[in-house]
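Working through the structure, step by step
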Amino acid sequence: MLATDFLKTIYLGDRACKSITIDGWNSLVLIQVDEISRIRSASGQWDYYNDENIVDGLLVFSRVKSIHFDPTGPIPNDYINDLEAEFLPDGNYCFRLSISSGNGENPGTTEIIISIVAQGLHLEDPSVPGVRIEN
């Protein structure tokens, strides 16, 4: 399945980024989300479908070529505002995530745009390690 189509099956509204792991040796970026839901309705809407929820689920970006944080500095640690993918002419995707960064010292949040150039994306459920969820 194309990553652009796969993203249409993932619901991250009101969900938060718990951690980001960069695995340079294996060219992976893992983003842990407090809960990932799936979209399975014909309408393309979440419709509060919870049968396939993944608690502490992982967005796994594979064969990563690059990662960029804008702005640099704040740590993404709050709501995931958006996730989109663009297919690139070289066969990779540019995944863009908007994740908020909350700082307990200052009111409000900072939006961090994370751009990841990678060949693929899948989900993983930490209760079933190593099993790729790709559809």
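The preceding data block contains the structure.
Summary of the structure given here. Everything numeric here is computed off the predicted structure, so don't read it as measured data.

Quick notes on the pattern of salt bridges
Under the counting rule described, the total for this entry stands at seven salt bridges. The residue aspartate 56 makes a salt bridge to lysine 18 at a minimum N-O spacing of 2.8 Å. Taken as a pair, aspartate 56 in the loop between strand 5 (54-55) and strand 6 (58-62) and lysine 18 in strand 2 (residues 17-23) lie far apart in primary sequence, 38 residues in all. Judged by its relative accessible area of 49%, lysine 18 is partly exposed. Among the ionic pairs, glutamate 52 bridges to arginine 40, the shortest N-O distance being 2.9 Å.

Here we look at the sheet that holds strand 11 (residues 120-124)
With antiparallel pairing, four strands are arranged side by side in an open sheet as 2-3-6-11. Either end of the sheet is taken by a strand with one partner, and the two such strands are strand 2 and strand 11. Averaged over all neighbouring strand pairs, the angle between strand axes comes to 20°, with direction disregarded. As defined by bridge partners, strand 3 (residues 28-33) adjoins strand 6 across five bridges and the pair is classed as antiparallel. From the neighbouring strand, valine 29 faces strand 6, where its bridge partner is phenylalanine 61.

Section: the environment of threonine 109
Positionally, threonine 109 belongs in strand 10 (residues 109-118). In this structure the C-alpha to C-alpha distance between threonine 109 and glutamine 45, which are 64 residues apart in sequence, comes to 27 Å. Among all residues touching threonine 109, those that are not within four sequence positions of it are Asp78, Ser100, Ser101 and Gly102.

Quick notes on the rules
Residues numbered from 1 in each chain as written. Predicted model: local features only at pLDDT ≥ 70, side-chain atom pairs only at ≥ 80, totals over all residues. Heavy atoms only, no water. Salt bridge = Lys/Arg side-chain N within 4 Å of Asp/Glu carboxyl O. Helix = DSSP H or I, 4+ residues; strand = E, 2+ residues; numbered from the N terminus. Buried < 20%, exposed > 50% of the residue type's maximum accessible area, 1.4 Å probe, protein only. Pairing = 2+ DSSP bridges. Axes fitted to C-alpha atoms, helices over the stretch in contact; angles between N-to-C directions. Contact = heavy atoms within 4.5 Å.

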